Amino acid sequence: MKAHPIDTVLTAPGYADCTTVPLMEVLQGKTVYAPTDHGTVIVKLRPADSTLKVGFVAAPMPIRYKDTINYAQVVVPVNMKKVAGGSTWIWIGCILFGIVIGFVALIWIALKVKIHE
């Protein structure tokens, strides 16, 4: 059996977004957070050089990836009645063979033992 690695590059679709920010709050030095459908826009006025700092924090975007792997399958049919019935007779045969071997061993020992009176 061989394994083949799958190397996939997923590209998330781009999006455009816009929002409105209250200018008075920005001019007062507050950091304004404006939520959108795709994340949050952050706006802050830096008074030292009177620059407007705008940032965007994207919300997590779920990506679903589905793929199909083709493989070969080998099926070996098993006849359960044949296996079950055969194993029963094998066990009975083993037990009978063990009994016969036991009797032969006892007879052989009895013939080899000398009785001293």
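Throughout this description, residue numbers start from 1 for each chain and increase along the sequence as written. A pLDDT threshold of at least 70 governs which residues receive local features in this predicted model, and a stricter bar of 80 or more applies before side-chain atom pairs are shown or counted, although totals over entire chains, interfaces and linings include all residues. Side-chain figures throughout are based on the complete set of non-hydrogen atoms in the structure, without hydrogens or water.

Asks: Describe the overall build of the protein, and please don't skip the residues or the numbers.
Replies: Strands are runs of DSSP state E lasting at least two residues, helices are runs of H or I lasting at least four, and both sets are numbered from the N terminus onward. Check the secondary structure of the protein and you find two helices and three strands. Reading the helices (α) and strands (β) of the protein from amino to carboxyl end gives α-β-β-β-α. The contact definition used throughout considers only heavy atoms, calling two residues in contact when any of these lie within 4.5 Å. At a minimum sequence separation of 6, the contacts of the protein that also span at least 24 residues come to 18%. For the accessible areas, the method is Shrake-Rupley and the probe is 1.4 Å, while residue cover comes only from the protein chains on display. Here the protein displays about 11,300 Å² of accessible surface, and carbon together with sulfur accounts for 66% of that area.

Asks: Break down the pairing of strand β2 (residues 39-46) for me, with residues and values.
Replies: Note: strand β1 (residues 32-35) against β2, four bridges, orientation antiparallel. Bridging across to β2, Pro35 finds its partner in Thr40. Counted between consecutive antiparallel strands, the loop separating β1 from β2 contains three residues. For two strands to be treated as a pair, DSSP must find at least two bridges joining them. Judged from the eight bridges that link them, β2 and strand β3 (residues 51-58) form a sheet pairing that is antiparallel.

Asks: Can you tell me about the pattern of salt bridges, naming the residues and giving the values?
Replies: A side-chain nitrogen of Lys or Arg and a carboxyl oxygen of Asp or Glu constitute a salt bridge if their distance falls within 4 Å. Counted under the stated rule, the structure contains one salt bridge. Of the charged contacts in the structure, one is a salt bridge between Arg46 and Asp49, with a shortest N-O distance of 3.7 Å.

Asks: Explain the side chain of Thr36 residue by residue, including any values.
Replies: Looking at the element boundaries, Thr36 is found in the loop between β1 and β2. Contact partners of Thr36, with chain neighbours within four places excluded, come to Asp17, Cys18, Thr19, Val41 and Phe56.

Asks: Give me the sheet that holds β2: which residues, what numbers.
Replies: Strand order in the open sheet formed by three strands is β1-β2-β3, with antiparallel pairing between adjacent strands. The open sheet has two edge strands with one neighbour each: β1 and β3. For this sheet, the mean angle separating the axes of adjacent strands, direction not counted, is 20 degrees. Helix axes are fitted only over the stretch in contact, all axes being lines through C-alpha atoms; the angle between N-to-C directions runs from 0 to 180 degrees.

Asks: Lay out a nonpolar patch on the surface in plain terms, naming residues and giving numbers.
Replies: The patches reported here contain residues having more than 30% relative accessible area and no salt bridge. Joining distances are 9 Å for like charges and 5 Å for nonpolar side chains (Val, Leu, Ile, Met, Phe, Trp, Tyr). A cluster of nonpolar side chains, Ile6, Leu10, Tyr15, Phe56, Met61, Ile63, Tyr65 and Ile69, forms an exposed patch at the surface whose accessible area comes to about 790 Å². In this fold, Leu10 is placed in the segment before α1 (23-27).

Asks: I'd love a proper account of unusual backbone geometry, names of residues and values included.
Replies: A positive phi angle, near 45 degrees, is found at Ser50, a position not held by glycine. Following the sequence through the fold, Ser50 ends up in the loop between β2 and β3. Between buried and exposed lies partly exposed: a residue is buried under 20% and exposed over 50% of the maximum accessible area for its type, with that area taken using a 1.4 Å probe on protein chains only. According to the relative accessible area criterion, Ser50 is exposed, its value standing at 58%.

Asks: Describe the nonpolar core, naming the residues involved and giving the relevant values.
Replies: Within the largest apolar cluster, six residues are counted, these being Val26, Val32, Ala34, Val41, Val43 and Leu45. Broken down by secondary-structure element, the contributors of at least two residues to this core are β1 and β2. Among the elements that make up this core, the one with the highest residue count is β2 (three residues). Those residues within four positions of Val26 in sequence are excluded, and the remaining contacts are Val21, Val32, Val43, Leu45 and Leu52. Buried Ala, Val, Leu, Ile, Met, Phe, Trp, Tyr and Cys residues form a nonpolar core when they are joined through side-chain atoms within 4.5 Å.

Asks: Before we move on, can you summarise the confidence of the model for the protein with the specific residues and values?
Replies: pLDDT: the predictor's confidence for each residue, scored from 0 to 100. For the protein, per-residue confidence averages 80 on the pLDDT scale, and residues scoring 70 or more make up 85% of the total. When the elements of the protein are averaged for pLDDT, helix α2 (residues 80-112) gives the smallest value, 82, and β1 the largest, 93.

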